[in-house]
Amino acid sequence: MMPHSFESILESLPQGIVLLDPASAVTAFNSRTLDILGLPEGAIRKGMAIDGLLGADCRAVASRRSAIGKPHTSQFALSDGRMISLTCAPSKDGGWILSYEDISTLIRVEDSLAEQHRRFDAALSNMPHGLCMFDSLKNLILCNPSYARMYNLPDLLTQPGTPLVDILAYRSREGNGPADTATYFDVVFEATGRGAVASQNIVLTDGRVIKITHNPMQNGGYVATHEDVTKTVRLAEELRRHHDQLEATVKSRTAEVERQARELERMLTQERNINELQRQFVAMASHEFRTPLAIIDAAAQRLLRKRGAIEPEFLSDKVDQIRASVNRIVDLMESILSAGRLDTGKIDISYTACALRSLIRTCCERQSTIAKTHSFALDIDGLPEFIDGDPRTLAQVFTNLLSNAVKYAPGTSEIRVTAWAETGNVKVSVSDDGVGIDPEDVPRLFQRYFRARTSTGIAGTGIGLNLVKQIVELHDGSIEVRSAKGCGSTFTVTLPIKRSGNASATNDAA
């Protein structure tokens, strides 16, 4: 019963077992030995010497083991390529036990693991980004060379077990630690809270920007990758700046185009208004020329009918009418010609010592011969004897202002002319008690062809005051008006007594 039980146990073992007596002869073996060694039935038998077994060193191993009394394991290859592990262990009776085990699969697995380890090491070593692994106590488990190079870490700080605080302290001394240590571990807490990967960009004290990606592990540690994204961040910032500049440029150009469109529309509207005003001017100018010409023609016909029987008073009256009408035509022509010279960009201002008091008196006397219904009250003794000015164009200024005062004050008889000197300038005001001007019309009064609403029914071309303003400004002067509807108007001209600088005798007005 006992041997049968022993053989059953022997057959149930996964290893191939051979028992040897003290004389190195086989006393027992199981069929698993034949399977493992690839031997046919009968290749091993009881009483067989050890030399007949596979594993050439069996005798030497058995002798050595018997001397030291300890098991010994060796390996050998079979002809089919399989690797066999042979373990020799001494038995109590002085023999020993041989145990055969097919370790081919184990070796292949070990080789595969070794290859995987080599590949993993190669991958870590060649990663462009830094990689590190820390345990739950924030002690280093491993890091790759890129991580060490990124922060210039010595070998001592790349060994397993190195505390993270030591690494950060070293980096701080080296000048490549985090610029804001208070938020450095925020991403760790975020990743732990989410139980998933979390990333953040960290600015270092040396100016670099590092993207740190944390992946928490179940044991409380984490794996982190460190990627230098400085160039990417700088490029993104530059791209944003360019985008903002482009957006501002587009907005500015759009605003400029809109402004130009508005300006073009304004100019087109102004052009339409000017064309309409010019049309009205032509009609008014035709009327203005027609009226004095009609007077001249009527006076000439009356004189023709009288012929030889002409009383001196009648002749004098008709001659005055003809002269006044001729003067009116001359004034109209001069205004139109002067306006034309301004339109072509050139008008002559010939400075001389201008006797302004005498010039104003002459203008008033001339206007008296034309408009006998009005008188002129002069208070001009406060003027200096001479000013620097062009008598010809200044005569146009005051003739126009006096003519307007008479024309727009048909129901009154007195025109007041007052003049005085004031801080290097002279001021001449012409006042009437006529129809006045609506407040809304005052700002446009000096525009060419413009006529105030209160001038309806009164002859005029609308170019006189525009011409006056331009001539006064060419003398470095100014003109202003105070008026109220139904209460008359006062026009005040300011002119410098002496010219400033070394202006030439002729000024060009573009």
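Below, the structure is looked at part by part. Just so it is clear, the structure is predicted and the values come from calculations on it, not from any experiment. (Residues numbered from 1 in each chain as written. Predicted model: local features only at pLDDT ≥ 70, side-chain atom pairs only at ≥ 80, totals over all residues. Heavy atoms only, no water.)

## Here we look at the overall build of the protein
Link 1 in the chain: Check the secondary structure of the protein and you find 12 helices and 17 strands.
Link 2 in the chain: Buried positions account for 37% of the 510 residues belonging to the protein.
Link 3 in the chain: Here the contacts in the protein between residues at least 6 apart in sequence split such that 53% fall between residues at least 24 apart.
Link 4 in the chain: Carbon and sulfur atoms make up 56% of the accessible area of the protein, which amounts to about 29,000 Å² in all. (Helix = DSSP H or I, 4+ residues; strand = E, 2+ residues; numbered from the N terminus. Buried < 20%, exposed > 50% of the residue type's maximum accessible area, 1.4 Å probe, protein only. Contact = heavy atoms within 4.5 Å. Areas by Shrake-Rupley, 256 points an atom, 1.4 Å probe, with all protein chains shown as cover.)

## Thoughts on helix 10 (residues 356–370)
Side chains of residues three or four places apart in an α-helix project in the same direction, reflecting 3.6 residues per turn.
Link 1 in the chain: Here helix 10 is 15 residues long and its end C-alpha atoms lie 21 Å apart, about the 21 Å a rise of 1.5 Å per residue gives.
Link 2 in the chain: Along helix 10, the residues classified as buried are Leu-356, Leu-359, Ile-360, Cys-363, Cys-364 and Gln-367. For helix 10, the angular spread of buried residues about the axis comes to 135°, placing them on one side. (Expected span 1.5 Å × (residues − 1). Arc of directions from axis to C-beta.)

## Here we look at empty space enclosed by the protein
Link 1 in the chain: Scanning the model with the defined rule gives one cavity of 30 Å³ or more in all.
Link 2 in the chain: By volume, the largest cavity is sized at about 90 Å³.
Link 3 in the chain: Lining the largest cavity are 14 residues, and of these Leu-164, Tyr-184, His-214, Tyr-222 and His-226 sit closest to its centre.
Link 4 in the chain: Those elements that provide at least two residues to the lining of the largest cavity are strand 6 (130–134), helix 6 (164–174), strand 9 (209–216) and strand 10 (222–228).
Link 5 in the chain: Of the residues that constitute the lining of the largest cavity, the class distribution is 11 nonpolar, two polar and one charged. (1 Å grid on protein atoms, 1.4 Å probe; cavity = no way out; pocket = protein on both sides within 12 Å on 5 of 7 lines; lining within 4 Å. Points joined across faces, edges and corners; volume = space filled by probe spheres on them. Nonpolar A, V, L, I, M, F, W, Y, C, P; charged D, E, K, R; others polar.)

## Comments concerning the sheet that holds strand 10
Link 1 in the chain: Read from one edge of the open sheet, five strands run 7-6-10-9-8, paired in antiparallel fashion. The strands lining the two open edges of the sheet, one partner per strand, are strand 7 (140–143) and strand 8 (198–203). With direction set aside, neighbouring strand axes in the sheet form an average angle of 20°.
Link 2 in the chain: In the sheet, strand 9 pairs with strand 10 via seven bridges, with the strands oriented antiparallel. (Pairing = 2+ DSSP bridges. Axes fitted to C-alpha atoms, helices over the stretch in contact; angles between N-to-C directions.)

## A few points about the side chain of Ser-429
Link 1 in the chain: Looking at the element boundaries, Ser-429 is found in strand 15 (residues 425–432).
Link 2 in the chain: Residue Ser-429 is classed as buried on the basis of its relative accessible area of 7%.
Link 3 in the chain: The residues touching Ser-429, leaving out its near neighbours within four places in the chain, are Arg-416, Val-417, Thr-418, Trp-420, Thr-490, Phe-491 and Thr-492.

## Some details on the packing of helix 11 (residues 391–407) against helix 12 (residues 464–474)
Link 1 in the chain: For the pair helix 11 and helix 12, the least separation of the axes is 9 Å and the interaxial angle reads 145°. Here helix 11 and helix 12 pass one another in a crossing that is left-handed. Counting all contacts with helix 11, which are made through Thr-393, Gln-396, Val-397, Asn-400, Leu-401 and Asn-404, the residues of helix 12 involved are Gly-464, Leu-465, Leu-467, Val-468, Ile-471 and Val-472.
Link 2 in the chain: Along the lines of polarity and charge, the residues of the contact of helix 11 with helix 12 split into seven nonpolar, five polar and no charged. (Left-handed = near helix turned anticlockwise from the far one by under 90°.)

## Concerning the packing of helix 10 against helix 11
Link 1 in the chain: For the pair helix 10 and helix 11, interaxial distance at closest approach is 9 Å and the crossing angle is 45°. By the angle class used here, helix 10 and helix 11 are oblique. Helix-helix and strand crossings are classified by hand; for helix 10 and helix 11 the assignment is right-handed. Here Leu-356, Leu-359, Ile-360, Cys-363, Cys-364, Arg-366 and Gln-367 of helix 10 lie close against helix 11, whose contacting residues are Pro-391, Leu-394, Ala-395, Phe-398, Thr-399, Leu-402, Ser-403 and Val-406.
Link 2 in the chain: For the contact of helix 10 with helix 11, the class distribution of residues is 11 nonpolar, three polar and one charged. (Parallel < 35°, antiparallel > 145°, perpendicular 65-115°, else oblique.)

## Observations concerning the environment of Gly-161
Link 1 in the chain: Turning to its location among the elements, Gly-161 is positioned in the loop between helix 5 (145–150) and helix 6.
Link 2 in the chain: C-alpha separation for the pair Gly-161 and Leu-142, spaced 19 residues apart in sequence, amounts to 8.6 Å.
Link 3 in the chain: Each residue touching Gly-161, except ones within four places of it in the same chain, is listed here: Asn-139 and Leu-140.

## Digging into unusual backbone geometry
Link 1 in the chain: At Asn-152, a position not held by glycine, the phi torsion is positive, near 55°.
Link 2 in the chain: Mapping Asn-152 onto the fold places it in the loop between helix 5 and helix 6.
Link 3 in the chain: By relative accessible area, which is 48% here, Asn-152 ends up partly exposed.
Link 4 in the chain: At Thr-423, a residue that is not glycine, the phi angle is positive and equals roughly 45°.
Link 5 in the chain: Looking at the secondary structure, you find Thr-423 in the loop between strand 14 (414–422) and strand 15.
Link 6 in the chain: Thr-423 gets classed as exposed once you look at its relative accessible area, which sits at 74%.

## Some thoughts on helix 7 (residues 186–194)
Link 1 in the chain: Buried within helix 7 are the following residues: Val-187, Val-188 and Ala-191. All buried residues of helix 7 lie within an arc of 105° about the axis, which places them on one face of the element. Facing away from the buried surface of helix 7 by more than 90 degrees, the exposed residues are Phe-189 and Gly-193.
Link 2 in the chain: Elements in contact with the buried residues of helix 7: strand 8, strand 9 and strand 10.

## Examining the pairing of strand 6
Link 1 in the chain: Counting buried positions over the five residues of strand 6 gives five, a clear majority of the element.
Link 2 in the chain: The alternating pattern of strand 6 places Gly-130, Cys-132 and Phe-134 and Leu-131 and Met-133 on opposite faces, both of which are buried.
Link 3 in the chain: Bridge count for strand 6 against strand 10 is five bridges, and the pairing is antiparallel. Within strand 10, the residue paired with Gly-130 across the bridge is His-226.
Link 4 in the chain: As judged from the three bridges shared by strand 6 and strand 7, these two strands associate in the antiparallel manner. Residue pairing in the sheet places Met-133 in a bridge with Leu-142 of strand 7.
Link 5 in the chain: Once strand 6 ends, the chain turns through five residues before running back antiparallel as strand 7, passing Lys-138 with a positive phi of about 60°.

## A look at the pairing of strand 8
Link 1 in the chain: Side chains Ala-198, Gln-200 and Ile-202 project from strand 8 onto a buried face, and the interleaved Ser-199, Asn-201 and Val-203 project onto a face without burial.
Link 2 in the chain: Bridging between strand 8 and strand 9 involves six bridges; their strand directions are antiparallel. Note that in strand 9 the partner of Val-203 across the bridge is Val-209.
Link 3 in the chain: Connecting the antiparallel pair strand 8 and strand 9 is a turn made up of five residues, with Gly-207 showing a positive phi of about 95°.

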